[in-house]
Amino acid sequence: MSTAPTLLVADDHPLFRAAVLHVLRERLPQFRTLEAASAATLGQALQDHPEVELVLLDLSMPGTRGFSALLHVRGEYPELPVVIISSNDHPRVIRRAQQFGAAGFIPKSAPADAMGDAIQAVLDGGSWFPPMAAERSEADAELAARLAQLTPQQFRVLLCLADGLLNKQIAAALGLAENTVKVHVTAILKKLECYSRTQAAVLVKSLETESTA
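None of these values were measured; they are calculated from a predicted model.

Rules behind the numbers
Residues numbered from 1 in each chain as written. Predicted model: local features only at pLDDT ≥ 70, side-chain atom pairs only at ≥ 80, totals over all residues. Heavy atoms only, no water. 1 Å grid on protein atoms, 1.4 Å probe; cavity = no way out; pocket = protein on both sides within 12 Å on 5 of 7 lines; lining within 4 Å. Points joined across faces, edges and corners; volume = space filled by probe spheres on them. Helix = DSSP H or I, 4+ residues; strand = E, 2+ residues; numbered from the N terminus. Nonpolar A, V, L, I, M, F, W, Y, C, P; charged D, E, K, R; others polar. Buried < 20%, exposed > 50% of the residue type's maximum accessible area, 1.4 Å probe, protein only. Contact = heavy atoms within 4.5 Å. Pairing = 2+ DSSP bridges. Axes fitted to C-alpha atoms, helices over the stretch in contact; angles between N-to-C directions. UniProt positions renumbered as here; feature names shortened; annotations may be inferred. Salt bridge = Lys/Arg side-chain N within 4 Å of Asp/Glu carboxyl O.

Thoughts on the layout of surface pockets
Now for step 1: Estimates place the volume of the largest pocket at around 570 Å³.
Now for step 2: Counting only elements with at least two residues in the lining of the largest pocket, the list comes to α2 (39–48), α3 (68–76) and α7 (152–162).
Now for step 3: For the lining of the largest pocket, the element with the most residues is α2, which contributes 7 residues.
Now for step 4: Its residues assigned to classes, the lining of the largest pocket shows 11 nonpolar, 7 polar and 4 charged.
Now for step 5: Looking at the second largest pocket, its volume works out to about 230 Å³.
Now for step 6: In terms of lining residues, the second largest pocket is bounded by 16 residues, among which Leu71, Arg74, Gly75, Leu147 and Ala148 are the most central.
Now for step 7: Of all the secondary-structure elements, those providing two or more residues to the lining of the second largest pocket are α3, α6 (138–147) and α7.
Now for step 8: Classifying every residue of the lining of the second largest pocket gives 10 nonpolar, 4 polar and 2 charged.

Considering α6
Now for step 1: Inspection of α6 places Asp140, Ala141, Leu143, Ala144, Arg146 and Leu147 among the buried residues, and these make up the whole buried set.
Now for step 2: Where the residues of α6 are buried, they touch α3, α4 (91–99), α7, α9 (178–192) and α10 (197–205).

Notes on the sheet that holds strand β4 (residues 82–86)
Now for step 1: The strand order across the open sheet built from 5 strands is β2-β1-β3-β4-β5, with neighbouring strands paired in parallel fashion. Both edges of this open sheet fall to β2 (32–36) and β5 (104–107), since each of them pairs with a single strand only. Pairs of neighbouring strands in the sheet enclose a mean axial angle of 20°, with direction left out of account.
Now for step 2: Here strand β3 (residues 52–57) runs beside β4; their pairing, made up of 3 bridges, is parallel. Pairing of leucine 56 across the sheet is with valine 83, part of β4.

Overview of the UniProt feature "domain: Response regulatory" (unreviewed entry) in the protein
Now for step 1: Those places that UniProt annotates as "domain: Response regulatory" (unreviewed entry) correspond, in this numbering, to residues 6–123.
Now for step 2: Split by type, residues 6–123 is 46% helix and 21% strand. Its first and last C-alpha atoms lie 11 Å apart.

Some thoughts on the pattern of salt bridges
Now for step 1: The final tally for this structure, using the stated rule, is 9 salt bridges.
Now for step 2: Its salt-bridge partner being glutamate 35, residue arginine 17 comes within 2.8 Å of it at the nearest N-O pair. Taken together, the residues arginine 17 in helix α1 (residues 14–27) and glutamate 35 in strand β2 connect sequence positions 18 residues apart.
Now for step 3: Residue arginine 156 pairs with glutamate 76 through a salt bridge whose shortest N-O separation is 3.1 Å. One end of the pair, arginine 156, is in helix α7; the other, glutamate 76, is in helix α3, with 80 residues separating them in the sequence.
Now for step 4: Overlapping salt bridges, with partners in common, bring together Asp11, Asp58 and Lys108 in one network.

Details of the UniProt feature "domain: HTH luxR-type" (unreviewed entry) in the protein
Now for step 1: Mapped onto the present numbering, the UniProt feature "domain: HTH luxR-type" (unreviewed entry) falls at residues 143–208.
Now for step 2: Across residues 143–208 one finds 73% helix and 0% strand; the C-alpha atoms that close the span lie 13 Å apart.

Below is the structure:
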């Protein structure tokens, strides 16, 4: 198994992935690169490759709800830096990415040099964000703190709840006993201070990024 340091590019657009990989090979030839095109393949890649040192993550991929993939990766791999790459570079989106634990944010419109500089800055232990006009949101900070209490499995159950699945369906989807799902749902509602499954689903919907078109 290769021990070369590895970067993971998670984006569902093949042409954009190819462009990012080209920048990485030009600027960071010592790194090995991996690709993922959905939340499921992202999770599998991270499980199969513990040597990954940085994730470049698109906010809009199959299986994601806005910032859900960022929060999931940060919860499951807290030491792994995540840099968001998105075409939605509205100041509030950038600020929310920062508050939800991203180490950087690269607009898809950024030139290759800026992308390379951002990735290098994060690999060196720093962060890289475009100038932001949006104010810090206390509501987002509170939401991030609540979600941080969830275990990775509870976060998976929460996303299933947001899709309107019943306990039996969640159990089948995640390979769990139905009683285990019930225990998780109870814990999730308590940690998120929600009174119902519907309220928890609304909370997940708030993770979605607003269109700025």
